[in-house]
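Inside the fold
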Amino acid sequence: MNEQPATTVEPVTLSPISRGRARPQGSRRELVAWYGMRVTGVALFVLALAHFSILHFIWDPAEQTAEFIATERWNQIFWRGFDWLLLMTVLFHGFIGMRIVVRDYIHRERLREFTLIMLYTLALLLLVIGTQVILTLPMRGA
Amino acid sequence: MLFRYRGREGMIAWAFHRLSGVGIFAFVVLHVIDIYLVGGNPELYNEILTFYASIPGRILEVVLGAALLYHALNGLRIVIIDLWPRMTVYHRFLWWASWAIFIVVGVPGALIILRPVWLPFLQQIGLVS
């Protein structure tokens, strides 16, 4: 067995059939990430496509002023909850996905660690500001 | 390069999946920030919205929608094959089926988003009122 330095990341391998990431062996954390991507992926199939369809096919972008969001789109707890759930799943899926991309392309160790820290900081920032606007935007309609 | 490599369908599926994923990620970052502005600076949000509703904005929305639809369909294909190994036999069928759905759903979707591009033209030549 080769002794590897502690900071070297496990290489990510592809499934020869699906060309998605192959089910990771050995690391529990990587396995959780692998299943997490698939569970949030299926959730996003519904949440993200519904969100896109509602805001492009039912409503037109030209109508969606700040006024529209306060008095129409986010005038019901249901749609605020729906968009918050979408935010949570998209942040998990997007940032865990970007983590794999960063690990694939950035080989210099310090730069990779730095990029990952920046990435997680951005994820936390988006989680905070996204949650804040959903919770605090006054419901002015109805 | 993309089409000469012998990875065939799977290779293209992987490249498009990564490209669309990174593109959607970039838009999500922008979109959370612009929605934050609805509370913090509604005038600036409305200005950004004017761009989203413009013709170049709509073309970018069609690109975003295509990336989203491809990533969703191909992702579902990956999940089906990974979690249900018997479907491996049908992997080529799943690949072509995902493209069929992409076209059948995507083309009408693009036409709806691009209505302000083609509707005035049809009105001008008198096909619709």
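Our subject in this report is the structure included herewith. Here the residue numbers are simple positions, counted from 1 along each chain's written sequence. Just so you know, chain letters begin at A and ligand numbers begin at 1, following the order they were written in. Residues qualify for local features only when their pLDDT is at least 70, as the model is predicted, and side-chain atom pairs are given and counted only at 80 or more; totals for whole chains, interfaces and linings, by contrast, use all residues. Values shown for side chains rest on all heavy atoms present in the structure; no hydrogens or waters enter the calculation.

1. Here's the deal with the pattern of salt bridges
- Here, a salt bridge means any Lys or Arg side-chain nitrogen found within 4 Å of an Asp or Glu carboxyl oxygen. This model, assessed by the stated rule, comprises 8 salt bridges over all chains.
- Note that R38(A) and D82(B) form a salt bridge whose closest N and O atoms lie 2.9 Å from each other. Of this pair, R38(A) sits in helix α1 (residues 28-58) while D82(B) sits in helix α3 (residues 55-83), each in a different chain.
- Looking at D82(B), the relative accessible area reads 18%, which means it is buried.
- Between R18(B) and D104(A) there is a salt bridge whose closest N-O contact spans 2.8 Å. Note that R18(B) is positioned in helix α1 (residues 8-40) and D104(A) in helix α3 (residues 77-105), a pairing that runs across two chains.
- Three or more residues are tied together by salt bridges with common partners; here these are R21(A), E30(A), R99(A) and R103(A). What counts as a helix is a DSSP run of H or I of at least four residues, what counts as a strand is a run of E of at least two, and both are numbered from the N terminus. Each residue is assigned to one of three classes by its accessible area relative to the maximum for its type, calculated with a 1.4 Å probe on protein chains only: buried under 20%, partly exposed between the two thresholds, exposed over 50%.

2. A word on the packing of aromatic side chains
Residue and element names in this part refer to chain B.
- A pair of aromatic rings is counted whenever rings of Phe, Tyr or Trp (Trp by its six-membered ring) have centres within 6.5 Å, and the orientation is called stacked for planes under 30 degrees apart, edge-to-face for over 60 and tilted otherwise. What the rule picks out here adds up to 14 aromatic pairs over all chains.
- Judged by centre distance (6.2 Å) and plane angle (80°), the ring pair of F16 and W99 falls under edge-to-face. Within this pair, whereas F16 is found in helix α1, its partner W99 is found in helix α4 (residues 91-113), the two being separated by 83 residues in sequence.
- Judged by relative accessible area, which is 27%, F16 ranks as partly exposed.
- Within the aromatic cluster, the residues linked to one another by ring pairs are F16, Y70, W95, W96, W99 and F102.

3. Quick word on the packing of helix α2 (residues 42-53) of chain B against α3(B)
Residue and element names in this part refer to chain B.
- Contact geometry for α2 and α3: axes closest at 4 Å, N-to-C directions at 75°. When the axes of α2 and α3 are compared, the pair comes out roughly perpendicular. Contacts between α2 and α3 involve F51, Y52 and A53 from the first element and I55, P56, G57, R58, L60 and E61 from the second.
- Residues are grouped as follows: Ala, Val, Leu, Ile, Met, Phe, Trp, Tyr, Cys and Pro are nonpolar; Asp, Glu, Lys and Arg are charged; every other residue, Gly included, is polar. In terms of residue class, the contact of α2 with α3 is built from 6 nonpolar, 1 polar and 2 charged. What counts as an axis is a line fitted to C-alpha atoms, over the stretch in contact for a helix, and the angles between N-to-C directions run from 0 to 180 degrees. In this scheme, roughly parallel covers angles under 35 degrees and roughly antiparallel covers those over 145, while 65 to 115 is roughly perpendicular and the rest are oblique. Throughout, a contact is declared for two residues whenever any of their heavy atoms are within 4.5 Å.

4. Considerations on the side chain of R21(A)
- Structurally, the position occupied by R21(A) is in the segment before α1.
- Polar contacts, as counted here, are pairs of nitrogen or oxygen atoms within 3.5 Å of one another; within protein the pair requires one atom able to donate a hydrogen and one able to accept it, and residues that are adjacent in sequence qualify only if both atoms are side-chain atoms. Of the polar contacts made by the side chain of R21(A), one reaches the side chain of E30(A); its length is 2.8 Å.
- Excluding residues that lie within four positions of it along the chain, R21(A) makes contacts with V12(A), T13(A), L14(A), S15(A), E30(A), W34(A), R38(A), I100(A) and D82(B).

5. A closer look at the nonpolar core
- Definition used in this section: a nonpolar core is a set of buried Ala, Val, Leu, Ile, Met, Phe, Trp, Tyr and Cys residues joined via side-chain atoms within 4.5 Å. In this structure, F95(A), L119(A), L126(A), I24(B), F25(B), V32(B) and L68(B) are the most contacted members of the largest nonpolar core, which totals 29 residues.
- Breaking this core down by element, the ones donating at least two residues are α1, α3 and α4 (109-136) of chain A together with α1 and α3 of chain B.
- For this core, the element with the highest residue contribution is α3(A), accounting for 8 residues.
- For V32(B), the contacting residues outside a window of four places in its chain are L87(A), L126(A), I129(A) and G130(A).
- Core analysis: the next-biggest nonpolar cluster, separate from the first, contains 16 residues, A70(A), I134(A), L37(B) and Y52(B) among them.

6. Remarks on the interface of chain A and chain B
- Tallying the contact residues gives 44 residues for chain A and 44 residues for chain B.
- Two parts placed together each lose some accessible area; with a 1.4 Å probe, that loss summed over both constitutes the buried area. The junction of chain A with chain B conceals about 3600 Å² of combined surface from both sides, 76% of it contributed by carbon and sulfur atoms.
- The largest per-residue losses of area from chain A upon contact with chain B belong to I17(A), R19(A) and F45(A), which jointly make up 16% of the total buried on that side.
- There are 4 salt bridges connecting chain A and chain B.
- Where chain A packs against chain B, one counts 7 residue pairs in polar contact (both at pLDDT 80 or more).
- Breaking the side of chain A that touches chain B down by element, the ones donating at least two residues are α1, α2 (66-73), α3 and α4 of chain A.
- It is α1(A) that contributes the most residues to the side of chain A that touches chain B, 11 residues altogether.

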